[in-house]
Amino acid sequence: MTTKLFDLSGKVAIVTGGNGGIGLGMARGLAEAGAAIAVVGRNEAKSADAVADLTQGGARAIAVAADVTDKAAVTTMAERVVRDLGRIDILVNNAGINIRKPPHALDIAEWNSVIQTNLTSAFLCSQAVYPAMKAAGGGKIINIGSMMSIFGASFTPAYAASKGGIVQFTRSCACAWAADNIQANAVLPGWIDTDLTKRARQEIDGLHDRVLARTPAARWGGIDDFAGIAVFLASPASDFVTGTAIPIDGGYSVMG
Ligand code: NDP
């Protein structure tokens, strides 16, 4: 019973931005539970390394080069996954960027780039996989939000808008596709040590220590912290869980 609850054998998962950081942490968890993985990203060398990492652990994995802001590329990506791996059961919308500037300094191209990469991409990918999930008899969509889905910060107008929006988008998909046995949930990472935050730590004075002081777990998160939540939200264990937004943050969001 318990084994079956978290078993992903025979399932196929797409992880956007699965070639590094949180996406790779989730891909490793899904692969370990038995899923075949399609790693989607623009950097082909990085994706090839991630595929090697996943196959070394015994999983079936392919790399699909695609810019997730490009509707045609996303459509082709979904077609390729069905052709090469046979079906689509799980979609992790994880690709994301940040441009750190206050609202008065952010130009429209920067705003559009962050919104398209973090939010519009989730819409495009979810829409592209929907027919295959429906055909498979159900599916699991996992969208990556942020602490900025909950809080604001002076330097993240577009990022916070995209991450707030992704929670509302998740809830809409949960309502729309429940009848198709598709569950959609959001994961809200706290401060995690990845390429994205390495730059933030360099750019923002004192950030590293401020995060430590505010996090009850008293550490930054690592990408391995995302394997468990990915497996839970992708597996039968979460079949009655939909439309939620779950912080994976060592307690950051509940610290008074
Ligand atoms: P990384 O920079 O390590 O990973 C981002 C990934 O997104 C890369 O693999 C990149 O691949 C991919 N990506 C970016 N733009 C595109 C695009 N246009 N098309 C396809 N892929 C793209 O960052 P993280 O692992 O930290 O971030 C992953 C997610 O987690 C993001 O949504 C981020 O906002 C969120 N998050 C991270 C937190 C943290 O503390 N690290 C905290 C809260 C949320 P490639 O370059 O090959 O395209």
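As the structure is a computational prediction, the values presented were derived from the model and not from experiment.

Caption draft 1: Structural view of the nonpolar core. In terms of nonpolar packing, the biggest core is built from 42 residues, with Ile14, Met77, Val81 and Ile88 touching the most fellow members. Those elements that place two or more of their residues in this core are β1 (12-16), β2 (36-41), β3 (61-65), α4 (71-85), α5 (108-135), α6 (157-177), β6 (182-189) and α8 (207-214). Beyond its immediate stretch of four places on either side in the chain, Ile14 contacts Ala38, Val40, Met77, Val81, Ile88, Ile90, Leu91, Val92 and Val129. Grouped together as the second largest cluster of nonpolar side chains are 31 residues, Leu24, Leu30, Ile192 and Ala234 included.

Caption draft 2: Main features of the packing of α4 against α5. It is at 9 Å that the axes of α4 and α5 come closest, and there the two elements cross at 35 degrees. For the pair α4 and α5, the crossing hand works out as right-handed. Facing α4, whose interface residues are Lys71, Val74, Met77, Ala78 and Val82, α5 presents Leu124, Cys125, Gln127, Ala128 and Ala132. Here the contact of α4 with α5 is composed, by residue class, of eight nonpolar, one polar and one charged.

Caption draft 3: Quick look at the site of the ligand. In the neighbourhood of the ligand, 27 residues make up the surrounding shell, with Asn19, Arg42, Asn43, Tyr159 and Thr194 lying closest. Contacts to the ligand include Lys163, whose side-chain N or O atom sits 2.9 Å from an oxygen atom. Relative to its unbound accessible surface of 880 Å², the ligand loses 93% to contact with the protein. Looking at the shell around the ligand, the elements that each hand over two or more residues are α2 (21-32), α6 and α7 (195-203).

Caption draft 4: Expanded view of the environment of Thr55. You can see Thr55 is positioned in helix α3 (residues 44-56). Look at Thr55 and you get partly exposed, because its relative accessible area is 35%. Along the chain, Thr55 and Ala36 lie 19 residues apart, while their C-alpha atoms are 9.4 Å from each other. One polar contact links the side chain of Thr55 to the main-chain carbonyl oxygen of Val51, over a distance of 2.8 Å.

Caption draft 5: Geometry of the pattern of salt bridges. What the rule picks out here adds up to 15 salt bridges. For Arg28, the salt bridge identified is with Asp53, shortest N-O distance 2.7 Å. With Arg28 in helix α2 and Asp53 in helix α3, this pair connects stretches of sequence that are 25 residues apart. Of the residues examined, Arg28 reaches a relative accessible area of 29% and is grouped as partly exposed. Exposure remark for Asp53: the relative accessible area of 28% places this residue in the partly exposed category.

Caption draft 6: Representation of unusual backbone geometry within the structure. Positive phi, close to 60 degrees, is recorded for Asn181, a residue that is not glycine. Along the chain, the position of Asn181 falls in the loop between α6 and β6. What makes Asn181 partly exposed here is its relative accessible area of 38%.

Caption draft 7: The environment of Gly222, seen in detail. By the secondary structure assignment, Gly222 is in the loop between α8 and α9 (227-234). Among the residues examined, Gly222 registers a relative accessible area of 24% and is labelled partly exposed.

Caption draft 8: Expanded view of the side chain of Lys140. Tracing the backbone shows Lys140 in strand β5 (residues 139-144). Residue class for Lys140 comes out buried when judged on its relative accessible area of 5%. Reaching out from Lys140, the side chain makes a polar contact with the backbone oxygen of Ser235 at a distance of 3.1 Å. Residue contacts for Lys140: discarding those within four places in its chain leaves Asp89, Ile90, Leu91, Met133, Gln183, Leu233, Ala234, Ser235, Ser238 and Asp239.

Calculation notes
- Residues numbered from 1 in each chain as written.
- Predicted model: local features only at pLDDT ≥ 70, side-chain atom pairs only at ≥ 80, totals over all residues.
- Heavy atoms only, no water.
- Core = buried A, V, L, I, M, F, W, Y, C linked by side-chain atoms within 4.5 Å.
- Buried < 20%, exposed > 50% of the residue type's maximum accessible area, 1.4 Å probe, protein only.
- Helix = DSSP H or I, 4+ residues; strand = E, 2+ residues; numbered from the N terminus.
- Contact = heavy atoms within 4.5 Å.
- Axes fitted to C-alpha atoms, helices over the stretch in contact; angles between N-to-C directions.
- Left-handed = near helix turned anticlockwise from the far one by under 90°.
- Nonpolar A, V, L, I, M, F, W, Y, C, P; charged D, E, K, R; others polar.
- Near = heavy atom within 4 Å.
- Polar contact = N/O pair within 3.5 Å; in protein donor to acceptor, adjacent residues only side chain to side chain.
- Areas by Shrake-Rupley, 256 points an atom, 1.4 Å probe, with all protein chains shown as cover.
- Salt bridge = Lys/Arg side-chain N within 4 Å of Asp/Glu carboxyl O.

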